[in-house]
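# Structural description and commentary
One-letter residues, chain by chain:
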Amino acid sequence: LIIGDQRIVDILKVPKQNLMYHSYVMYNHWPRVLSLYDLGVAPLAGDFDMRRSPIKVMEYLVLGIPFVATDCVVYDELKEARSGIFTKNTPESWYNNLKTIIRDRKDYETRYGKELGLSFDVDSNTDNIIKIYEEIING
C-alpha cells in the first residue's frame, strides 16, 4: 500500500495486482487510514533524511503497528521500543528484518511501544513545552 505521491507508484516495478495506492488524505483522516496498516516501514537514507522527524515510527508505536525502520539517529529516542525492528540500511538487512516482522507480527503487536509513543504526545508534555518557552523568553 502506497499512500501519497502517485509518482512513487510509477517508479516501482511492482505488478499492479500486487500494489494498492491511495492518494493523500487530510490530516484528520490519517489515523483511520494508518490504522489499516498491518506493518509499518520507515526507511531513511542520506544527509537530508537524518534531519527528519521521527513521526512515522511514533505513529506506528501509538497505533500498535509493528514496524521496520532504519537504524539511525532520527529514531534514537525510540529504540527502546520492542514493537519494531531498527535495521541497517542494506538490502539484505531490510529483507531479513521484513521477513522477521511479517513472520512474527502477532508477537510484535503485543510488545511494549504504545506507551513510549504516547510519552511524546503534546498533551502529555504541556508542562515541558511551557517550561522551554519560558526559558527561551526569559533567557
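A few points on the structure. (Residues numbered from 1 in each chain as written. Predicted model: local features only at pLDDT ≥ 70, side-chain atom pairs only at ≥ 80, totals over all residues. Heavy atoms only, no water.)

What the largest pocket holds in volume is close to 1100 Å³. Together, 30 residues line the largest pocket, and Ile 3, Tyr 37, Val 41, Lys 56 and Tyr 60 are the ones closest to its centre. Taken together, the elements giving at least two residues each to the lining of the largest pocket come down to β1 (2-4), α1 (6-11), α2 (30-34), β3 (40-42) and α4 (55-63). Class assignment of the residues belonging to the lining of the largest pocket gives a composition of 21 nonpolar, 3 polar and 6 charged. Lining the second largest pocket, in full, are Trp 30, Pro 31, Leu 34, Ile 55, Met 58, Glu 59, Val 62, Leu 63, Gly 117, Leu 118, Phe 120 and Asp 121. Listed by contribution, the elements that provide at least two residues to the lining of the second largest pocket are α2, α4 and α7 (114-118). Per-element accounting of the lining of the second largest pocket gives the leading share, 5 residues, to α4. Across the lining of the second largest pocket, the residue classes tally to 9 nonpolar, 1 polar and 2 charged. (1 Å grid on protein atoms, 1.4 Å probe; cavity = no way out; pocket = protein on both sides within 12 Å on 5 of 7 lines; lining within 4 Å. Points joined across faces, edges and corners; volume = space filled by probe spheres on them. Helix = DSSP H or I, 4+ residues; strand = E, 2+ residues; numbered from the N terminus. Nonpolar A, V, L, I, M, F, W, Y, C, P; charged D, E, K, R; others polar.)

One finds Val 57, Tyr 75 and Leu 78 to be the most contacted residues of the largest nonpolar core, which totals 18 residues. Mapped onto this core, the elements with two or more residues apiece are α4 and β4 (67-70). It is α4 that contributes the most residues to this core, 4 residues altogether. Grouped together as the second largest cluster of nonpolar side chains are 5 residues, Val 68, Ile 85, Ile 101 and Tyr 108 included. (Core = buried A, V, L, I, M, F, W, Y, C linked by side-chain atoms within 4.5 Å. Buried < 20%, exposed > 50% of the residue type's maximum accessible area, 1.4 Å probe, protein only.)

With that settled, consider a nonpolar patch on the surface. A contiguous nonpolar surface patch, about 640 Å² in accessible area, is contributed by Val 122, Ile 129, Ile 132, Tyr 133, Ile 136 and Ile 137. Tracing the chain through its elements places Val 122 in the loop between α7 and α8 (126-138). (Patch = residues over 30% accessible without salt bridge, like charges linked within 9 Å, V, L, I, M, F, W, Y side chains within 5 Å. Areas by Shrake-Rupley, 256 points an atom, 1.4 Å probe, with all protein chains shown as cover. Salt bridge = Lys/Arg side-chain N within 4 Å of Asp/Glu carboxyl O.)

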